[in-house]
Amino acid sequence: MTLSSTDTYRNEYDKLGSILPGKNLVWFKRLRDQSIAKFSRSGFFDIKNEDWHFTNLSVLRDRAYSSSAMSEGTFDTKSLKGIDAYHLVFIDGKFKPSFSTTKNLPSGVTLYTFRDMLDQDPDLLKKMVNRSFRELDHPELNLNLALMSDGFCLKLSKGTKIDKPIHFVHHSCPRKNYSASHLHNLVFAEEDSCATILESYSGDLRKNYFSNIVNDIQLEPRAKVFHYRVQGESSEAISLAKSLVCLKQDSLYENFCLSTGGALSRNEVRAVISGKSADCKIAGLSLGCKKQHLDNSVWVHHHDPGSTSRQIFGNLLTDFSKGVFQGSIAVDDIAQQTNAYQLCKNILLSDTASAYTKPELQINADDVKCSHGATTGELDPRSIFYLCSRGIQENDAKKILLGAFVDNLLKEILVIPVREYFKEKVRFWLRRQIH
Amino acid sequence: MTNQNGIKMLEVKDVHAVVDGKEILQGFNLSVKSGEIHAIMGPNGSGKSTFAHILAGHESYEMTKGKILFQGKNIKTMSPDERACRGIFLGFQYPVEIPGVTGTNFLRTALNSIRRFQKRKELNAAEFLKMLRKTLDLLEMDESLIKRSVNTGFSGGEKKRYEIIQMALLEPRLAILDETDSGLDIDALKLIARGITRMRDSKRSMILITHYQRLLEYVKPDRVHILSHGKIIKSGKMDIVERLEKGGYSIFKNSVLQGPESIPVSAK
């Protein structure tokens, strides 16, 4: 009899228990034990679960992805040249100091790898772990907590501002297919601090692996965190990323995810606003081709009054690709004067591409402004003809129109060097797809 | 032979065209020489815009019979962009709003696309701006429209003005202006007319599609044609316009392609 993937993960946990970081910390070991127990009971959710209705993880249920893979191939440092940043490079889940440039961080910035943090400052780690999501019982989160091998921990002291982005890079080039990495990142931004965090994920061509990322981010009053992701995994990869964000009073959190990679990917952001007048902007652009499945799922929960949230997403889909957007806004009864907005625009470039959009609004306060919108369609043939009638070739006309569509989304990115960096990546995709 | 002595700009021979399964043009004939301005007038639904779109190559308009020669070349298989590159320009009755695409980007791409086709040197940003300013000076217009997204949020008059700017910049050999005068107040109409007049030269032809004679008071056409039920039923000079003004289209109903003397006296 063959083992189910859930049992395989359980066995792997039992086997790895002695080498996973933090094994000597009682509270941490307990967290891992509890997490694997919960995962063993649930396995991955199937499509009967409302949150996973459009994204089927059967491929993860059918076979387990093992954590103990060795690297092969090399990391091309060219990918670090596109943006001026403090680079923090991981390959197949392991920190690579030789590629990293985090030596001269400004004072007030504490940056550890998760592994080092467990060894050197477990008390601070314990303080940094977000309490807001303790009740969250998600299988992929539990699996991450049980098997996480590394990641980064960033703490910004009061009033600290970082001059350039912290660039977390993860490249997958495992020797064997069906390997997994479970990384866990922590960000704690104290009062009045400000930082830009950029995550880049890439992988060797056609490698089949599973990347399971969790970001745990807390913003204290008046902190500002600009958080950007580039999901450029290998075309065969499965990528799950979950950002859990807690915003306090007058803080600003901005998230933008550009997804171009992976066979199946989900970018999930859950933001809890517990503080007055916070501002939460979550946006993303997915560019899909072939049989890619790209999911953006966002939950914003307004616990306190007078805050603003904004969800702006776009999918550009060709071939047989599928784009999913689930956007939820919940407003508690005391969260009066909430201003929440949501918009999803899909452009289908082929008859066989498809887009699924699910807005979900739960409003329990009466003095709020909440609105949402969604559009799905092809490029406007009238616009194409207009451009062509001026001597512009049809493909160039399409590129101009798609350029306008993506530029409009990229405007959501407030940090200009990052916006330009993303623009270049999008242009590259367009050049490759439209010819 | 066509294009004899280089004077024939456009020859439309017995063109039949279908839109949404309905035959709109039913034997359309027209001959335009280099340097001429022709006006096509006709009631709603007579096929004026269909003719304009057939010339520009819109895929929803299917030519089922006949031939169109532009500078002696059959254009049937040419894509809309190739027609534009060869010098055909359509001024739209309803210009399309394209949010997010700036005028400078659009116009420079268009101009360079045409120049590339004509094997002329493409213009860099500075050269383009210089040329654009020269064009705007000629038209006595300013840059404000160019800085905005193409047609987005433009008033009716601004959209028509923008079409004229594009025409002046792209310097076509043949311009078909589809009701460029409709919905304009008198000042805007004069501005458009001035633009058209300044573009008039011996190597360029224009076809003005219009409902009214207003524009033709400012831009005197060489020939005037009356279109009805998909074919030209009357051709002549400005006197046709005057008759039309007095009697409406009904006076031409029984006309066949003959001289102006065939207009029924009773209808005057």
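What counts and how
Residues numbered from 1 in each chain as written. Chains lettered and ligands numbered in written order. Predicted model: local features only at pLDDT ≥ 70, side-chain atom pairs only at ≥ 80, totals over all residues. Helix = DSSP H or I, 4+ residues; strand = E, 2+ residues; numbered from the N terminus. Rg over C-alpha atoms; globule rule 2.2 N^0.38 Å. Buried ≥ 20, exposed ≤ 12 C-beta atoms within 10 Å, placed from the backbone. Contact = placed C-beta atoms within 7 Å. Pairing = 2+ DSSP bridges. Axes fitted to C-alpha atoms, helices over the stretch in contact; angles between N-to-C directions. Nonpolar A, V, L, I, M, F, W, Y, C, P; charged D, E, K, R; others polar. Core = buried A, V, L, I, M, F, W, Y, C linked by C-beta atoms within 7 Å. Domains from an automatic or database assignment.

Chemist: So, the overall build of chain B: which residues are in play, and what are the values?
Modeler: Secondary structure assignment for chain B yields 9 helices and 12 strands. Rg of the C-alpha trace for chain B: 19 Å, near the compact-globule value of 18 Å for 268 residues, within the 12% margin. Dimensions of chain B, computed from the C-alpha atoms along their principal axes, are close to 60 × 40 × 40 Å. A total of 268 residues make up chain B; the buried ones form 43% of that total.

Chemist: Go over the overall build of chain A with me, naming the residues and quoting the values.
Modeler: Secondary structure summary: chain A contains 9 helices and 19 strands in total. The globule rule puts the C-alpha radius of gyration for 435 residues at 22 Å, and the 21 Å found for chain A is close to it. On the principal axes, the C-alpha backbone points of chain A span a range of 70 × 55 × 45 Å. Taking all 435 residues of chain A together, 51% fall into the buried category. Across chain A, contacts joining residues at least 24 apart in sequence account for 83% of those joining residues at least 6 apart.

Chemist: Describe the sheet that holds strand E6 (residues 88-91) of chain B, and please don't skip the residues or the numbers.
Modeler: Residues and elements named next belong to chain B. Taken in spatial order, the 6 strands make up an open sheet running E6-E9-E10-E3-E11-E12, and their pairing is mixed. Looking at strand neighbours, the two that pair on one side only are E6 and strand E12 (231-236), the edges of this open sheet. Geometrically, the sheet is characterised by an average inter-axis angle of 20° between neighbouring strands, direction not taken into account. In this structure, strand E9 (residues 174-178) lies alongside strand E10 (residues 205-210), joined through 5 bridges in parallel fashion. Bridged to Leu-177 within E10 is Leu-208.

Chemist: Describe the interface of chain A and chain B, listing the residues and the values that go with them.
Modeler: With 17 residues of chain A at the interface, the matching set in chain B holds 20 residues. Going through the elements one at a time, helix H7 (381-388) and helix H8 (394-410) of chain A are the ones with two or more residues in the side of chain A that touches chain B. The element that contributes the greatest number of residues to the side of chain A that touches chain B is H8(A), accounting for 7 residues. Classifying every residue of the side of chain A that touches chain B gives 7 nonpolar, 5 polar and 5 charged.

Chemist: Which residues make up unusual backbone geometry, and what values do they have?
Modeler: Non-glycine residue A:Asp192 carries a positive phi angle of around 60°. Note that A:Asp192 resides in the loop between strand E6 (179-189) and strand E7 (194-203).

Chemist: Before we move on, could you go through the nonpolar core and cite the residues and values that matter?
Modeler: Counting 110 residues, the largest nonpolar core has A:Ile166, A:Val225, A:Leu247 and A:Ala271 as its most contacted members. It is strand E10 (residues 238-247) of chain A that provides the largest number of residues to this core, a total of 7 residues. Per-domain counts for this core show at least three residues from each of domain 1 (5-273) and domain 2 (386-435) of chain A. With residues near it in sequence (within four places) discarded, A:Val225 still touches A:Val187, A:Ala189, A:Ala195, A:Ile197, A:Ile217, A:Leu219 and A:Tyr253. With 81 residues, the next largest nonpolar core counts B:Ala39, B:Leu55, B:Val101 and B:Ile192 among its residues.

Chemist: Describe the domain arrangement of chain A, listing the residues and the values that go with them.
Modeler: Residue and element names in this part refer to chain A. Segmentation of chain A into domains returns domain 1 (5-273) and domain 2 (386-435). Distance between the C-alpha centres of domain 1 and domain 2: 30 Å. Counting residues at the interface gives 13 residues for domain 1 and 11 residues for domain 2. For the side of domain 1 that touches domain 2, the secondary structure elements donating two or more residues are E7, strand E9 (224-232) and strand E11 (252-259).

Chemist: A description of the pairing of strand E2 (residues 22-33) of chain B should follow, citing residues and the corresponding values.
Modeler: Residues and elements named next belong to chain B. Pairing between strand E1 (residues 8-19) and E2: 9 bridges, direction antiparallel. Residue pairing across strands places Glu-11 opposite Ser-31, the latter belonging to E2. The turn linking E1 back onto E2 is made up of 2 residues, and Asp-20 within it adopts a positive phi angle of 50°.

Chemist: Give me the lowdown on the sheet that holds E2(B), citing residues and values where you can.
Modeler: Residues and elements named next belong to chain B. Across the sheet, 4 strands lie side by side as E2-E1-E4-E5; this open sheet has antiparallel pairing. Of all strands in the sheet, those bounded by a partner on one side alone are E2 and strand E5 (73-74). Both E1 and strand E4 (residues 61-70) contribute to a ladder of 8 bridges, which runs antiparallel. Bridged to Val-19 within E4 is Tyr-61.

Chemist: Outline the pairing of strand E3 (residues 37-41) of chain B, listing residues and values.
Modeler: All names here are of chain B. Counting buried positions along E3 yields 5 of 5 residues, so the element is predominantly enclosed. Of the two faces of E3, both are covered, the one formed by Ile-37, Ala-39 and Met-41 as well as the one formed by His-38 and Ile-40. Bridge count between E3 and E10: 5 bridges; the pairing is parallel. Its bridge partner being in E10, His-38 is matched across the sheet by Ile-207.

Chemist: How would you sum up the environment of A:Lys276? Please name residues and give values.
Modeler: Residues and elements named next belong to chain A. Mapping Lys-276 onto the fold places it in the loop between strand E12 (264-273) and strand E13 (279-288). It is 29 Å that separates the C-alpha atoms of Lys-276 and Leu-258, two residues lying 18 residues apart in sequence. Here Lys-276 is in contact with Gln-249, Asp-304, Pro-305, Gly-306 and Ser-307, once residues within four sequence places are set aside.

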